[in-house]
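Spelled out from the first residue to the last, the chains are:
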Amino acid sequence: MGLAVLLGVFALCVVIGAPVAYALGIAALSAFWFEGLPLLVGFQRIVSGINVFSLMAIPFFIFAGELMFHGGIAMRLVRFAQAAVGAVRGGLGIVNVFSSMLFGGISGSAIADISALGSILVPVMKDKGYDADYAVNVTVTSSIAGIIIPPSHNMIIFALATGGAVSISKLFLAGVVPGILMCCCLAIAAYVVAVKRGYQAEQFPGWTALAIAFVGSIPGLLTAVIIVGGVLSGVFTVTESGAFGAMYALIVTVFVYRSLSWEDFKTAVISSVRTTSMVMILIACAGAFAYMLTFNRVPTKTVEFLLGITENPILILLMINAVLLLLGMIMDMAALILICTPIFLPVMNMLGIDPVQFGMILLVNLGLGLCTPPVGTCLFVGCAVGKLPMEKAVKTIWPFYLAIFAALMLITFVPAISLTLPNLVIGQ
């Protein structure tokens, strides 16, 4: 009954339109009250959920992403990607994908990716004769590269949800190959759809123009190198790397590119504070919610339930992927990371799957959920940027869904994709 109260109150709050963070907190406190536990303990669990020093890296990463979004780094990355791959058939679609890979690896945010690159590329693609639904679909699906390719604040949230069982440095390294693989699958899908629709290739600007575009993008690209490299080399902790990344982004946009105005800076600060507040409230309330899930033995019961259906590891992995995909369609990503990790991590341990690989599986699944209705945040933002009704985008987005799903299956069943790089650099 305690579990029924926990899940029932949460579902009711979501149905009546309460924010997910508040729904988690209200459900957790209701379950505490029903079980006869002191409510003071519930509030202590909420406070302890964010009383973690490593979480200070999240506002720094968010602020760095906002500075780069408003400071013109995205435009320079687009120019470099266009010079490099724009001459391929349907080149602007592939430019969109690889620009997302470059910018996502710097900003670590899917929404920042869509806002920055979508506002630049979608109008250009329309002017070049690309259909609006194609431009929006490529932008939306490629934006989740920011979730997989480091640095990503979602990886920090996942590391927190594991209770310290996973190193953030390993997660950063593990995301590189899966992120590139997913973008390559999306680029293939963009090319196939472009050929089918008869889109034309852009003219190759020449090696000189490519070199100039690359040099112009180097200060921006170095942001990710400095952040990730500083963590792996031991020069920075994750929190220190986030702070240094924010300072570096400010220096580049103000003194190198000279493209960040005072108004843009204020907008970046306000957006960062708003986003950080939402994330921290969510983490705090999810901490109490996860505590009650453990109190009601949900992780153990989940293992028993799955083993009661089948003991085949492949089928269990497919079932977990299906559940994560369905949940990703209806709930916020950060909340699901905090809820699903303690539930499914014991199952993965039972199957002998490395927690780092599970992190990649979880992030790709939930990233795909951001692109799907009815609660796909990236889909909503992309359609708003592209001024396209969501129904029209969903009708033709399936090739891109299939591309991400293909990458997901490879990540799920080929551990080397996620584990080779971290094992080589850090060790098992």
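Residues numbered from 1 in each chain as written. Predicted model: local features only at pLDDT ≥ 70, side-chain atom pairs only at ≥ 80, totals over all residues. Heavy atoms only, no water.

As recorded in an unreviewed UniProt entry, the protein goes by the name TRAP transporter large permease protein, listed as coming from Actibacterium lipolyticum. Looking at the Function (unreviewed entry) heading of the UniProt record, one finds this comment for the protein: "Part of the tripartite ATP-independent periplasmic (TRAP) transport system." (UniProt positions renumbered as here; feature names shortened; annotations may be inferred.)

**Student:** So what's going on with the overall build of the protein? Which residues, and what values?
**Tutor:** Across its full length, the protein holds 23 helices and 0 strands. Along the first, second and third principal axes, the C-alpha atoms of the protein reach 70 × 45 × 45 Å. Expressed as a percentage of its 428 residues, the buried residues of the protein come to 54%. Taking as baseline every contact in the protein between residues at least 6 positions apart, the subset at least 24 positions apart corresponds to 79%. Only carbon and sulfur atoms are counted for the fraction: they give 71% of the accessible area of the protein, which is about 17,400 Å². The distance from the centre of the 17 positive side-chain charges to the centre of the 15 negative ones in the protein is 6 Å. (Helix = DSSP H or I, 4+ residues; strand = E, 2+ residues; numbered from the N terminus. Buried < 20%, exposed > 50% of the residue type's maximum accessible area, 1.4 Å probe, protein only. Contact = heavy atoms within 4.5 Å. Areas by Shrake-Rupley, 256 points an atom, 1.4 Å probe, with all protein chains shown as cover. Lys, Arg positive; Asp, Glu negative; His and termini not counted. Charge placed at Lys NZ, Arg CZ, Asp CG, Glu CD.)

**Student:** Would you mind going over the layout of surface pockets in detail, with residue names and values included?
**Tutor:** One number sums up the size of the largest pocket: a volume of about 1,100 Å³. Around the largest pocket, the lining comprises 38 residues; the ones closest to its centre are Ile 111, Thr 275, Met 278, Val 279 and Asp 332. Only helix H2 (20-34), helix H4 (57-70), helix H7 (110-127), helix H10 (153-161), helix H15 (262-295) and helix H18 (333-351) provide two or more residues apiece to the lining of the largest pocket. A per-element tally of the lining of the largest pocket places H15 first, with 8 residues. Its residues assigned to classes, the lining of the largest pocket comprises 23 nonpolar, 12 polar and 3 charged. When its volume is computed, the second largest pocket comes out at roughly 510 Å³. Contributing to the lining of the second largest pocket are 23 residues, with Leu 7, Val 323, Leu 327, Ile 339 and Ile 343 lying nearest its centre. Looking at the lining of the second largest pocket, the elements with two or more residues in it are helix H1 (2-15), H15, helix H16 (298-309), helix H17 (313-330) and H18. With 6 residues, H1 is the single largest residue contributor to the lining of the second largest pocket. Of the residues in the lining of the second largest pocket, the class split is 22 nonpolar, 1 polar and no charged. (1 Å grid on protein atoms, 1.4 Å probe; cavity = no way out; pocket = protein on both sides within 12 Å on 5 of 7 lines; lining within 4 Å. Points joined across faces, edges and corners; volume = space filled by probe spheres on them. Nonpolar A, V, L, I, M, F, W, Y, C, P; charged D, E, K, R; others polar.)

**Student:** Explain the nonpolar core residue by residue, including any values.
**Tutor:** Leu 24, Ile 58, Tyr 134, Phe 289 and Phe 400 are the most contacted members of the largest nonpolar core, which totals 122 residues. If one sorts the elements of this core by residue count, H18 sits on top with 13 residues. Not counting residues up to four positions away in its chain, the partners in contact with Leu 24 are Phe 10, Leu 282, Cys 285, Ala 286, Phe 289, Ala 335 and Ile 339. Counting residues in each nonpolar core, the second largest holds 29 residues, with Leu 67, Leu 77, Ala 112 and Ala 246 among its members. (Core = buried A, V, L, I, M, F, W, Y, C linked by side-chain atoms within 4.5 Å.)

**Student:** Tell me about H1, and name the residues and values.
**Tutor:** Its 14 residues place the ends of H1 20 Å apart at the C-alpha level, agreeing with the 20 Å of an ideal helix rising 1.5 Å per residue. Three or more residues of H1 are buried, namely Gly 2, Val 5, Leu 6, Phe 10 and Cys 13. Angular distribution of buried residues about the axis of H1 spans 120°; they occupy a single face of the element. Along H1, exposed side chains directed more than 90 degrees from the buried face belong to Leu 12 and Val 15. Those residues of H1 hidden inside the fold are in contact with H2 and H15. (Expected span 1.5 Å × (residues − 1). Arc of directions from axis to C-beta.)

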